[in-house]
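# Coordinate inspection notes
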Amino acid sequence: MSTATTTAADTQDKVNYLNVSKGIKSWLFTLDHKRIGILYLFSVMAMFLFGGILALSIRLELLNPGADMMTADTYNQIFTLHGAIMIFLFIIPSVPAILGNFVLPIQIGAKDVAFPRLNLASWYVYIAGAGLAIYSIIAGSVDTGWTFYTPYSTQVGGAVISMVLAVFILGFSSIFTGINFIATIHRLRAPGMTWYKMPLFVWGLYATAIIQVLATPVLGITLVLLILERAFGIGIFDPAMGGDPVLFQHFFWFYSHPAVYIMILPGMGVISELISTFSHRKIFGYKAIAYSSVAIAFLSFGVWGHHMFVSGQSQYATLIFSFLTFLVAIPSGVKMFNWVSTMYKGSITFETPMLFTLTFFFTFAIGGLTGIFLGATATDVHLTDTYFIVAHFHYVMMGGTIMAFFGGLYYWWPKIWGRMYNEAWGRISALLVFLGFNLTFFPQFVAGTQGMPRRYFMYPDKYQMLNVVSTTGSWVLALGLVIMAVVLIYAMGWGPKAPKNPWGALTLEWKIDSPPPPHNFEETPKVTHGPYDHDKVKVKPEKVGVPA
Amino acid sequence: MDTTGTFWMPQGASSIAGEVDALFYFIFWASVFFFLLVVGLSIYFIIKYRRREGREEATSHVDYNLKLEVIWTAIPIILVVIVFFWGFNTYMKMQVVPRDAIEIKVTGRQWMWLFDYPNGSNSINELVVPVDQPVKLTMSSEDVIHSFYIPQFRIKQDVLPSRYTITWFEATNTGKYDLYCAEFCGKGHSEMLATVKVVSQDQYAAFLEGAGMEGGEGMSLEQVGKQVYTSRACNTCHSIDGSPNVGPTFKDAYGHEVELSDGSTITVDENYIRESILEPKAKVVKGFQSVMPTFQGLVSERQIDGVIAYLKSLSEVKEVEQSE
Amino acid sequence: MSHSAESPAFLQHHFSDAEQQRESAKLGMWVFLLTEILLFGGLFGFYVFYRAWNPDMFYNAHVHLDRLLGGTNTVVLIISSLTIALAIRSIQLNKKKQSMYFLVATILLAAVFLVIKYFEYSHKFHLGMLPGKYYTYTGIEGMNPHIFFSVYFSMTGLHGLHVIFGMLAIGWVVWRTKKDEFSSEYYTPVEMVGLYWHLVDIIWIFLFPLLYLIG
């Protein structure tokens with residue numbers, strides 16, 4: 001660690017990964033993991049915007065029980081696209097491809113990921129998949145739901161084949177990232193960076209990568225078979241050709257359940273970073289958190305049938321899946337308790353990333369606990385396929401992963417751009433997102449227990465009040481997100497210059513300049529302490545520089 | 001909202017609803033406890049340990065406590081195992097059909113529910129059952145996957161095209177209850193609504209006598225047709241106000257010329273209406289998909305006559321010259 | 001770490017030494033092969049379920065596969081695995097020309113495999129044994145005989161695609177060998193393509209008995 005103080009102003013004039021080369025070609029052909037992270041940032045957030053507009057349309061239509069602004073077909077297409085875009089084009093890449101790509105190599109003391117060209121290829125594959133998905137929307141759209149259940153998906157018209165092909169292509173983007181991270185974490189750690197000195201964010205990405213490489217290919221072949229069924233009637237899923245539609249559900253959920261852990265594990269990794277940094281305290285239960293990530297990765301493969309308790313599968317299968325589902329909940333609970341304990345005897349501050357962390361505790365707790373209702377077979381019979389499910393998965397995916405993702409964005413933003421965001425407005429955005437999110441989705445639990453099925457374009461009058469509250473919440477949420485976008489975009493171009501370590505954190509990325517130099521480290525870093533040793537190492541948060 | 005239920009659950013009306021609700025509330029209160037524990041502790045910690053001047057330096061070195069890890073792993077495991085067994089126990093009761101159950105066949109179809117009773121009667125979109133009597137439902141779909149859901153009975157079961165699935169219930173109170181389709185099945189998914197009508201044993205017997213082939217004695221043909229319009233679910237796809245839906249509107253249909261999908265034109269007369277009810281795919285109006293199912297065996301001659309009369313009442317053309 | 005005269009051209013800048021680069025490549029390739037196994041796994045699942053549900057139909061249908069051609073293809077692929085292993089051995093001994101010959105031999109053997117498959121496929125098309133709704137052959141007893149051919153064509157078809165990808169990859173390595181990019185010091189891409197090719201071979205070694213032989 002250098003003893004001379006460098007002001008934030010000094011670092012800005014240095015060569016960094018942003019100014020080292022200019023022009024669009026230097027971006028489109030970059031091999032720098034940081035630039036690739038930025039490429040993903042813009043494309044993924046564009047898809048988030050699109051998916052969000054679709055969500056607002058859904059909620060607008062549901063303001064009244066009858067048909068308001070669109071036909072049933074249009075509504076069905078909109079909820080299908082909202083799901084497919086948010087899952088495949090937003091959440092799955094969000095933390096790994098944006099934050100992971102940028103931060104992971106630096107956190108382990110490496111100059112880049114193991115396979116930079118594969119990394120760039122993964123982004124191009126993502127763009128190809130996104131392009132094909134957008135084409136599908138224009139070319140006839142899809143109304144099957146993001147789950148593509150057969151035989152409806154094999155029989156109905158629309159651009160099902162091209163949309164399914166788009167998802168197939170996107171799967172490769174995910175697989176490439178997974179392969180890259182596994183090789184990087186195993187082989188490129190700096191000397192002294194043992195497994196147990198790695199930040200928990202890295203552990204989270206590692207567990208995620210394991211699932212990515214094992215589960216995604218199974219989705220791939222399922223989608224190929226679905227395309228063949230539609231094109232050639234091969235007879236695997238369509239009963240008219242001798243196939244079994246429930247087999248599709250087994251194949252589909254074998255990937256799609258582990259997929260939700262692909263979504264949450266990186267988010268949990270971010271939370272470990274944030275809670276330690278903003279409590280200015282050593283993380284509680286490092287090994288417990290690390291091991292629980294890996295445990296979740298493996299257990300996640302055994303529970304897919306809990307999506308199918310009423311599908312007609314056997315009672316024995318239901319028994320086993322229910323039991324394993326309860327088991328996979330335990331490591332998540334362990335993490336929560338360890339994170340909360342991290343605040344004990346800490347020195348807590350409330351910057352925006354911490355506000356998102358606290359939001360995460362609130363909303364992910366609800367999301368996880370509502371999973372218990374669904375793991376229990378008797379209650380699941382009543383609740384499955386209702387709005388209770390919609391609320392549950394939004395609480396874990398958005399209340400979990402996305403809150404962590406937003407916290408991570410704010411946290412690493414000064415490192416990425418060398419400029420600080422406006423803290424007051426950041427906090428306002430966090431508050432609005434918290435309020436809007438709960439207002440939108442909590443009423444949906446009640447609608448579900450009261451019997452309102454999901455994917456309903458029109459609904460019986462008695463559910464209207466709950467829907468009105470939910471739609472109002474969606475506007476508050478949207479406002480919070482718009483403010484967040486303005487805060488972050490403004491900071492990119494006009495924010496005050498950021499120092500190396502505005503948070504007083506101890507992981508390796510905070511030892512290098514903001515923005516980082518092109519190869520991260522001038523010399524291979526020496527790892528002398530653990531990533532959370534706030535009890536041993538005294539590091540004060542550095543002051544943000546005056547505006548340029 | 002149904003005012004006779006609780007904040008969370010609609011009023012239970014089956015023999016199993018109470019048990020399902022008991023489990024629900026156990027999980028609910030346990031969840032509330034753990035939620036308050038996590039959130040409460042968080043709030044307590046962020047207040048007590050917030051950063052203060054003079055307390056900015058190195059913090060606690062406590063980073064591990066094996067006893068705590070064991071406790072907060074073991075207690076949740078015990079709790080979830082309890083919930084697992086309880087849930088499965090109730091679930092098995094929902095799966096095992098009592099021996100004295102009466103059997104009704106359910107057919108799901110885009111976008112209506114057909115019910116066939118033991119004596120050969122049938123009904124559409126209204127399931128009539130006797131109170132305090134186990135009812136076994138054998139179900140299948142004619143097209144895509146649907147799901148049979150009665151919230152107040154707390155039962156749900158997917159209805160598949162390739163095989164039969166089974167569910168059962170015993171209704172404990174007379175009355176009318178909502179029946180929804182709960183598996184997305186296309187355009188009319190949210191309109192695939194039906195009613196479960198729980199009646200006394202005597203009323204059920206009477207229903208079986210007269211059901212399916214309602215002659216509607218004492219009603220005019222037009223009244224019969226108007227009744228059939230809803231009871232046979234024509235309203236799911238055909239409006240009477242002029243707006244197109246899955247199928248053409250009935251308003252001003254009778255007596256007018258329509259273009260068919262093969263380019264030819266035809267006048268909507270008695271024969272065309274009858275043919276469309278019994279062989280709907282024969283002459284489809286241009287611009288509409290050929291998705292109407294046949295009602296052969298589901299409507300009586302009198303009911304067909306009634307529908308024709310009803311359509312006449314919706315059009316300003318009252319008579320069409322019959323040509324051979 | 002800056003580039004210096006000791007840093008060889010093949011060493012990418014983010015690796016500290018050649019060994020780290022090689023070990024990373026090997027790990028990456030093995031993980032990729034794992035994803036391929038899972039991809040084919042879905043098709044093996046297709047086979048297993050439908051065979052279990054229609055054992056007689058599967059038996060009646062599978063006798064129409066030509067065991068001689070299938071067996072020949074198995075031998076062809078095994079030899080091609082040998083030739084590519086020999087290509088790696090050659091470059092380890094710095095014998096570039098010999099390595100190129102073995103690589104080209106591998107491609108030729110792969111081409112033989114595809115030609116034989118072409119004959120098998122066209123014979124089936126001729127008889128009307130096509131996947132799914134195009135199936136017209138009437139000589140097989142049992143429910144839904146087209147399902148066997150759906151399984152057959154999707155498994156061998158996906159495998160055949162991988163053979164083609166493999167040929168392209170080996171061709172690329174041939175080109176790079178010609179340009180003198182490999183030596184006993186650095187031949188990782190050859191080794192990696194070799195690993196991929198062995199997987200393609202192994203998958204066929206499972207496909208052949210499951211489809212052609214099991215009675």
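The present account deals with the structure reproduced in this document. (Residues numbered from 1 in each chain as written. Chains lettered and ligands numbered in written order. Predicted model: local features only at pLDDT ≥ 70, side-chain atom pairs only at ≥ 80, totals over all residues. Heavy atoms only, no water.)

## Side note on the overall build of chain C
The secondary structure content of chain C amounts to six helices and zero strands. Sequence-ordered secondary structure for chain C, helices as α and strands as β, is α-α-α-α-α-α. C-alpha atoms of chain C, sized along the principal axes, occupy 70 × 30 × 25 Å. Counting all 215 residues of chain C, 51% fall into the buried class. Here the contacts in chain C between residues at least 6 apart in sequence split such that 78% fall between residues at least 24 apart. If you sum the accessible surface of chain C, you get close to 10200 Å²; carbon and sulfur atoms cover 67% of it. Here chain C holds 14 positive side-chain charges and 14 negative ones, and the gap between their average locations is 6 Å. (Helix = DSSP H or I, 4+ residues; strand = E, 2+ residues; numbered from the N terminus. Buried < 20%, exposed > 50% of the residue type's maximum accessible area, 1.4 Å probe, protein only. Contact = heavy atoms within 4.5 Å. Areas by Shrake-Rupley, 256 points an atom, 1.4 Å probe, with all protein chains shown as cover. Lys, Arg positive; Asp, Glu negative; His and termini not counted. Charge placed at Lys NZ, Arg CZ, Asp CG, Glu CD.)

## Describing the packing of helix α4 (residues 96-127) of chain C against helix α6 (residues 188-213) of chain C
Residues and elements named next belong to chain C. Between α4 and α6, the shortest axis-to-axis distance is 13 Å and the interhelical angle comes to 25 degrees. Here α4 lies roughly parallel to α6, going by the angle between them. For the pair α4 and α6, the crossing hand works out as left-handed. When α4 is examined against α6, the residues L103, T106, A110, F113, K117 and E120 are found in contact with a partner set consisting of V190, W197, W204 and Y212. (Axes fitted to C-alpha atoms, helices over the stretch in contact; angles between N-to-C directions. Parallel < 35°, antiparallel > 145°, perpendicular 65-115°, else oblique. Left-handed = near helix turned anticlockwise from the far one by under 90°.)

## Quick look at the environment of A:I221
Turning to its location among the elements, A:I221 is positioned in helix α8 (residues 200-232). The spacing of A:I221 and A:S256 is 35 residues in sequence and 13 Å in space, taken between C-alpha atoms. Every residue in contact with A:I221, bar those within four places of it in the chain, is listed here: C:L39, C:G42, C:L43 and C:L158.

## Regarding the interface of chain C and chain A
On the chain A side, the residues contacting the 34 residues of chain C number 38 residues. Taking both partners together, chain C and chain A bury about 2900 Å²; carbon and sulfur atoms supply 71% of that area. For chain C, the biggest contributors to the area lost against chain A are C:H14, C:L27 and C:L38; these three give 17% of the whole. The interface formed by chain C and chain A includes one salt bridge. The salt bridge partner of C:E23 is A:R187, with a shortest N-O separation of 3.9 Å. Summed over the shared surface of chain C and chain A, the number is ten residue pairs in polar contact (both at pLDDT 80 or more). Here the side of chain C that touches chain A gets 19 residues from one element, more than from any other, and that element is helix α1 (residues 18-53) of chain C. (Buried area = accessible area lost by both parts, 1.4 Å probe. Salt bridge = Lys/Arg side-chain N within 4 Å of Asp/Glu carboxyl O. Polar contact = N/O pair within 3.5 Å; in protein donor to acceptor, adjacent residues only side chain to side chain.)

Interpretation note: all reported values are geometric properties and have no functional meaning in isolation.
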